[in-house]
Amino acid sequence: MKTKHSKFEPIVTKPRVNVVTLGCSKNIHDSEVLMGQLKGNQIDVVHESNNIQANDIVVINTCGFIDNAKQESIDTILQFSELKDQGKVNKVIVTGCLSERYKPELQTEIPNVDAYFGTNDLPELLSTIGADYRHELLGERLLTTPSHFSYFKIAEGCNRPCSFCAIPLMRGKHISKSIDDLVKEAKFLASNGTKELILIAQDLTYYGLDIYGKRNLSDLMRHLSDVDGIEWIRLQYAYPSGFPMDILDTMNERSNICNYLDMPLQHISDNMLTSMRRGTSKQKQIDLVNKIRDKVPDIALRTTLICGYPGETEQDFQEMLEWVEETHFDRLGCFTYSHEEKTHAHTLEDDVPEEVKQDRVDAIMEVQQGISYDINQTKVGKEFKVLVDRVDGDYFIGRTEYDSPEVDNEVILNAKENYARIGDFVQVRVDRAEDFDLFGTIVK
């Protein structure tokens, strides 16, 4: 007996790749490179689309840095693997730091994921999707941020021996990109509307040692500064040990290099710095901060600190708290210590209770809130160049050169009284200020 077929054949839709990014700005960059390669292979690709489709290939770019980030990554993998079981997505592929660090465990615990890849497996990942790695696309990527700013990764990996950090386990040794390749990438971004480059790496200040035999960040900064259309260049993730002071000279020389430096110092107690294997001391860090401010008086200094590292006493903590009060960092973040397997610090006893860690973080952030309020009050009545990032309800939200997106202060403009476009630079007079926000009016 012949089977009766429908008059119409079912429409077979081409697979779409839905990229989900977790973790830091370096992962955002990696996802954008992946998406650029997929687009170059004529594959339909979206970023974190809520419109889940049954033919979707979901690529999850994971974070494996600390416990909270790892849990978020695991939860996301489980969520999409369940959708796959329900037939709501086609395939699930996992990449990034978590799968670099825990691939065997993940394969055992979540076996219905189609493939796991590490941080340096892009060609293999593309092949699994039916795409080729195209060398001619070097420097080209699909931005997931607003087009006017871009996270700009100048190196991969880290050679530092910090005891608490698992990044070298996931990202490997430091590898600098060449100045020629980075300038090519910057020109591509500028031609597509990018105005701000946010330079990122595990350690910016190590840049060039591996390929040029010297710390060469200042030279790179000058080359990027010469790219037409780039109006702001911002430095994130500097390291205090071996800090190249010549980058401050370049900062002073070039008007499109922001007076901004993000330099995680982690602690100030000599006991903690020694155990953390930071290669520096309390006095060296104090001297460095003073020298930076002497060279660039208008600089905004951002740092991050860790509370509750193994062996941190109340005295160690009070020493850090007093230092924060005295130093008046323009921007500061603080985190509880996370006890990470295979790091040097994991051999130590995680002896500070979680509630004590959190209480110490809260105490430091309360002090910083007051410092930020006082600094912001000095800006009332002054004018600043502001980059408009987005619209939120009846307000334009922007930033000064002293602020990075997502982590720093914002400038809030009433859209009923001010007109701007996203990606515009505008001159703003600050009318009032709160702890972490400035409220202003566009003057031109």
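Residue numbers restart at each chain and count upward from 1, following the sequence in its written direction. This being a predicted model, a pLDDT of at least 70 is required before a residue's local features are given, and a value of 80 or more before pairs of side-chain atoms are given or counted; all residues contribute to the totals for chains, interfaces and linings. The side-chain quantities take in all heavy atoms of the structure and omit both hydrogens and water.

**Overview of the overall build of the protein**
The helix and strand inventory of the protein stands at 13 helices and 18 strands. Throughout, radius of gyration means the C-alpha value; the globule benchmark is 2.2 Å times the number of residues raised to the power 0.38. For 444 residues, the compact-globule estimate of 2.2 N^0.38 gives 22 Å, and the protein sits close to it at 24 Å. Projected onto its principal axes, the C-alpha coordinates of the protein cover approximately 90 × 55 × 45 Å. Residue exposure (1.4 Å probe, protein chains only): buried if accessible area is under 20% of the type maximum, exposed if over 50%, otherwise partly exposed. When the 444 residues of the protein are sorted by exposure, 54% land in the buried category. Accessible areas in this description were obtained via Shrake-Rupley with a 1.4 Å probe; residue shielding takes into account the shown protein chains only. Here the protein displays about 20,200 Å² of accessible surface, and carbon together with sulfur accounts for 49% of that area. Each charge class in the protein can be summarised by its mean position, and for the 50 positive and 73 negative side chains these summaries are 7 Å apart. Working definition: helices are DSSP H or I runs of at least four residues, strands are E runs of at least two. Numbering for both runs from the N terminus. His is not counted, nor are the chain ends; Lys and Arg add positive charge and Asp and Glu add negative charge. Lys charges are placed at NZ, Arg charges at CZ, Asp charges at CG and Glu charges at CD.

**Topic: the UniProt feature "domain: MTTase N-terminal" (unreviewed entry) in the protein**
As annotated by UniProt and renumbered to match this structure, "domain: MTTase N-terminal" (unreviewed entry) occupies residues 15-134. Strand forms 20% of residues 15-134 and helix 47%; the C-alpha atoms that close the span are 20 Å apart. UniProt positions are given in the numbering used here, feature names are shortened, and annotations may be inferred rather than shown by experiment.

**Here we look at the packing of helix α1 (residues 25-40) against helix α4 (residues 122-129)**
Close contact between α1 and α4 brings their axes to 11 Å; oriented N to C, the two are set at 45°. On the basis of the axis angle, α1 is oblique to α4. Between α1 and α4 the crossing geometry is right-handed. Seen from α1, the contacting residues are Val33, Leu34, Gln37 and Leu38; seen from α4, they are Leu122, Leu125, Leu126 and Ile129. Residue polarity follows a fixed list, in which Ala, Val, Leu, Ile, Met, Phe, Trp, Tyr, Cys and Pro are nonpolar, Asp, Glu, Lys and Arg are charged, and the others, Gly among them, are polar. The residue inventory of the contact of α1 with α4, partitioned by class, reads 7 nonpolar, 1 polar and no charged. Helix axes are fitted only over the stretch in contact, all axes being lines through C-alpha atoms; the angle between N-to-C directions runs from 0 to 180 degrees. An angle below 35 degrees is read as roughly parallel, one above 145 as roughly antiparallel, one from 65 to 115 as roughly perpendicular, and any other as oblique. Crossings are sorted by hand: turned counterclockwise from the far helix by less than a right angle, the near helix makes the crossing left-handed, and turned clockwise it makes it right-handed. Any two residues whose heavy atoms approach within 4.5 Å at even a single point are treated as in contact.

**Points about the packing of aromatic side chains**
Stacked, tilted and edge-to-face are the three classes applied to pairs of Phe, Tyr and Trp rings, where Trp contributes its six-membered ring and a pair requires centres within 6.5 Å; stacked means planes under 30 degrees apart, edge-to-face means over 60, and tilted covers the rest. A full pass over the atoms with the stated rule returns 6 aromatic pairs. Residues tyrosine 207 and tyrosine 212 carry aromatic rings whose centres are separated by 6.4 Å and whose planes lie at 55° to one another, so their mutual orientation is tilted. Owing to a relative accessible area of 0%, tyrosine 207 belongs among the buried residues under this scheme. Cation over ring: arginine 160 sits above tyrosine 239, and NZ or CZ is 3.8 Å from the ring centre. We call a charge positioned above a ring when the Lys NZ or Arg CZ atom is no farther than 6 Å from the ring centre and deviates by at most 35 degrees from the ring normal. For lysine 385, the ring lying beneath its charged end belongs to phenylalanine 425, and the centroid distance is 4.4 Å.

**A short note on the pattern of salt bridges**
Basic side-chain nitrogens of Lys or Arg form a salt bridge, by our definition, when they fall within 4 Å of a carboxyl oxygen of Asp or Glu. Per the counting criterion, the structure on display carries 33 salt bridges. Arginine 254 is paired through a salt bridge with aspartate 226; the nearest N and O atoms lie 2.9 Å apart. In this pair, arginine 254 sits in the loop between α9 (246-253) and β11 (257-262) while aspartate 226 sits in the loop between α8 (217-225) and β10 (232-235), placing the two residues 28 residues apart along the sequence. Through salt bridges with shared partners, one network takes in Asp30, Lys153, Glu156 and Arg171.

**Considering the side chain of glutamate 196**
Turning to its location among the elements, glutamate 196 is positioned in strand β9 (residues 196-200). We define a polar contact as two N or O atoms separated by no more than 3.5 Å, with the added condition that, inside protein, one atom must be a possible hydrogen donor and the other a possible acceptor, whereas residues neighbouring each other in sequence contribute only through side-chain atom pairs. In terms of polar contacts, glutamate 196 uses its side chain to reach the side chain of arginine 234, at 2.8 Å. At 2.6 Å, the side chain of glutamate 196 forms a polar contact with the side chain of arginine 399. Residues contacting glutamate 196, with those up to four places away along its chain left out, are His148, Phe149, Ser150, Trp232, Arg234, Leu387 and Arg399.

**Focus: the sheet that holds strand β14 (residues 383-392)**
Paired through their backbone hydrogen bonds, the strands of a sheet run either parallel or antiparallel. DSSP bridges decide pairing: two strands pair if at least two such bridges lie between them. Strand order around the closed barrel formed by 5 strands is β14-β15-β16-β18-β17, with mixed pairing between neighbours. When strand polarity is set aside, the average angle formed by the axes of neighbouring strands in this sheet is 55°.

**Some points on the environment of valine 391**
As for its placement among the helices and strands, valine 391 is situated in strand β14. In this structure the C-alpha to C-alpha distance between valine 391 and isoleucine 412, which are 21 residues apart in sequence, comes to 9.7 Å. In this view, valine 391 contacts Phe396 and Ile422; residues no more than four positions away in its chain are not counted.

**Notes on unusual backbone geometry**
Of note, the phi angle at glutamine 266 is positive, near 70°, even though the residue is not glycine. Within the element layout of this structure, glutamine 266 appears in the loop between β11 and α10 (270-275). Phi at glutamate 406 is positive, roughly 75°, even though this residue is not glycine. Mapped onto the fold, glutamate 406 is located in the loop between β15 (395-399) and β16 (410-414). Of the residues examined, glutamate 406 reaches a relative accessible area of 71% and is grouped as exposed.

**Examining helix α6 (residues 179-191)**
The span one expects for a helix is its residue count, reduced by one, times 1.5 Å. Compared with an ideal rise of 1.5 Å per residue, which puts 13 residues at 18 Å, α6 spans 18 Å between its outermost C-alpha atoms and is within 8% of the ideal. Taken together, the buried positions of α6 are occupied by Ile179, Leu182, Val183, Glu185, Ala186, Leu189 and Ala190. One face of α6 carries all of its buried residues, which in axial projection span an arc of 160°. Exposed residues lying more than 90 degrees from the buried face of α6 are Asp180, Lys187 and Ser191. Close packing links the buried residues of α6 with α1, β6 (149-153), β9, α7 (209-212) and α8. Looking one or two places after α6, you find glycine 193, whose phi comes out positive at around 100°. Taking the helix axis as origin, the arc is that swept by the directions to the C-beta atoms.

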